[in-house]
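Given next are the chains, with one letter for each unit.
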Amino acid sequence: MSANEEIRDILHHVVVKNSRTKYNNTNIRFILWLYENPVFRVQLISPEYCLKLDQAYERQREYGEKQALRKEVKRMIEAMAPDLDNCPLLLHNLTFDIVSKYCVSRKQTKGTLKKKKRKRKRVEADNAGDADENPNPDDDTLLYYSKGFYETIRSSLAHMFRTAGVRQTDEFKSKMSNFAGGLKRTIAAEKRDQGLKLGEGKDKMDFETYKKMAELLFKAGGADNIFAHCFLVLEWNLMARSDNIVHTTISYMEWQNDSLVFYFAKSKGDQEGVMENEPWHVYANPGNPFICPILALSRYCCCNPSVLAGECKLFESSDPYQRYSKAFERILFANKDLFEGLGVDVYELGSHSVRKGSASRCAAGCTVSPPMASICLRAGWSMGPVKERYIHYEKAGDQFLGRAVTGLDISSEDFTVSPCYFDFSEIREEEERDRISADIEFSIRNYLSNGRVLQPYVFLICRYLYASLCFHFEFLKLNLDQTDRLRQSPIFQQITDEHVKIARIAFPWDSTRYTPQLTGLPPHSLLLAKMKDVTKMV
């Protein structure tokens, strides 16, 4: 790669890959719209590129080459660079009038808006033998897309100007800003008048739905469901975009005191990796094993031990997100009646619903909520330039948030629970304690694939993961599918009664010297714990 090519590649990374792809696809549609208009084609498309598009159109029309025109536009867009002066559009001729006309031309029918629900009704009607020829006479009514749709058009055009090295005029930006404001109000009024769904994007997943989804995935068994269960639980607890989960590796994790800590090299809200050294704390929920992130990770790692070597992603797959989404949708629609009984529209739930749900529950699910700053920082949301300048990350806030988001009851003394760990306090003989401790290490290193070569920090993680397996051993035997891969894993099969007996959880009032240091406890939880201790004494 030459120096110029490397510089171009670096400049491309000003916008993250997923956003860049989205902007390019939006601009492709815009250029195709211009090409279809004879006046705009001559006014805005460079003659050299217009000739290439004509040739592509001929190949598509005469020889049946599928999407030849679109592929040619895509090639032009992706090849753009400021130093090459190769933008297919004459951007200095692009006016507000043209862009605004394009925006108002992009509409959908009311039938398209309700496509999924209409399809569901049609299928049900077909099955009943009484299909309606015209289920909705208003299907041809043209409606605007969401506000975000038109914001994407505006952002995509700005991206094209930036990539071409051309500056938008102040007049153009001012008119687009005014137009965007008016369009948002128009769309809001249209929703009100047409009785359309308020809000945009997928619905949030409430806590009850999350618990039921996790339980169904847990009990379903199968490699894909084990994969999806762990992905779901970590996505909820980290409030992370799926892209962060996809790129997580064991080398970005460590155990600190009573929590599993994650680090992210970058995120959508932190493209430059400024917060790469800030830990995000994940806590156990031993009272509800279906949603316990430590147990979920333990089960997943026992079934996929290669991830512990740190040489691959935690969720190793050709397309982890697609694999997760398919398993998520499969469980969702297989249990459609159950979820609809919970008041859930299964067509309005998706991966992003998880992130919305966990953040909403932590922020407003209790009158004693974790700091809003901690929620915004973990979720990667902007707090505004002033707040971001003066309010920074602190461990205590994120630790409190980590306990809350895992599903522990903030208003109960159970909020102070420890993770599962091995407690030797009832074994009086030091030699016996050493023997059992050595036996636990032997089990991890010999019955877990790659166990002999684990890095010290990974071994510590595995020790707590194994403790979780031992503590929940009877629960697992009762609730795991008979074909679940965990049942066949060597480390699960060799769990002994001796290990199960010393695997326990603790609270402040019954902790021992073996209990990990408890963190993330707010003052009211400590008072509740103290009252519990006093009650025991009485």
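Everything below is about the structure shown above.
None of the values given here were measured: they were computed from a predicted structure.

Chemist: I'd like a rundown of a nonpolar patch on the surface, residues and numbers included.
Modeler: A surface patch of nonpolar side chains, amounting to about 290 Å² of accessible area, comprises Ile7, Leu11 and Val14. Here Leu11 is to be found in helix α1 (residues 3–12). Of the residues examined, Leu11 reaches a relative accessible area of 47% and is grouped as partly exposed.

Chemist: I'd like a rundown of the sheet that holds strand β4 (residues 259–262), residues and numbers included.
Modeler: Hydrogen bonds between backbone atoms are what pair the strands of a sheet, whose relative direction is either parallel or antiparallel. One open sheet accounts for three strands, arranged β3-β4-β5; its pairing is antiparallel. Only two strands of the sheet have a single neighbouring strand rather than two, namely β3 (253–256) and β5 (280–282). The mean angle between the axes of side-by-side strands here comes to 35°, regardless of whether they run parallel or antiparallel. Here β3 pairs with β4 via four bridges, running antiparallel. Of the residues in β4, the one forming a bridge with Gln256 is Ser259.

Chemist: Could you give me a rundown of helix α21 (residues 430–447), with the residues and numbers involved?
Modeler: Here α21 contains 18 residues, and its C-alpha end-to-end distance of 25 Å stays within 8% of the 26 Å for a straight helix at 1.5 Å per residue. Listed in full, the buried residues belonging to α21 are Arg433, Ile436, Ile440, Ser443 and Ile444. Down the axis of α21, the sector holding all buried residues measures 95°, keeping them to one side. For α21, the exposed residues set more than 90 degrees away from the buried face come down to Glu430 and Glu431. Lining the buried residues of α21 we find β6 (421–422), α22 (456–471), α25 (490–493) and α26 (497–502).

Chemist: Lay out unusual backbone geometry in plain terms, naming residues and giving numbers.
Modeler: One non-glycine residue, Gln67, lies in positive phi territory at about 55°. Structurally, Gln67 can be placed in the loop between α4 (47–62) and α5 (68–78). A positive phi is found at Asp85, a non-glycine position, where the angle reads about 50°. By secondary structure assignment, the location of Asp85 is in the loop between α5 and α6 (96–105). Residue classification places Asp85 among the exposed positions, given a relative accessible area of 70%.

How each quantity is defined
Residues numbered from 1 in each chain as written. Predicted model: local features only at pLDDT ≥ 70, side-chain atom pairs only at ≥ 80, totals over all residues. Heavy atoms only, no water. Patch = residues over 30% accessible without salt bridge, like charges linked within 9 Å, V, L, I, M, F, W, Y side chains within 5 Å. Areas by Shrake-Rupley, 256 points an atom, 1.4 Å probe, with all protein chains shown as cover. Salt bridge = Lys/Arg side-chain N within 4 Å of Asp/Glu carboxyl O. Helix = DSSP H or I, 4+ residues; strand = E, 2+ residues; numbered from the N terminus. Buried < 20%, exposed > 50% of the residue type's maximum accessible area, 1.4 Å probe, protein only. Pairing = 2+ DSSP bridges. Axes fitted to C-alpha atoms, helices over the stretch in contact; angles between N-to-C directions. Expected span 1.5 Å × (residues − 1). Arc of directions from axis to C-beta. Contact = heavy atoms within 4.5 Å.

Just geometry here; none of it tells us what the structure is for.
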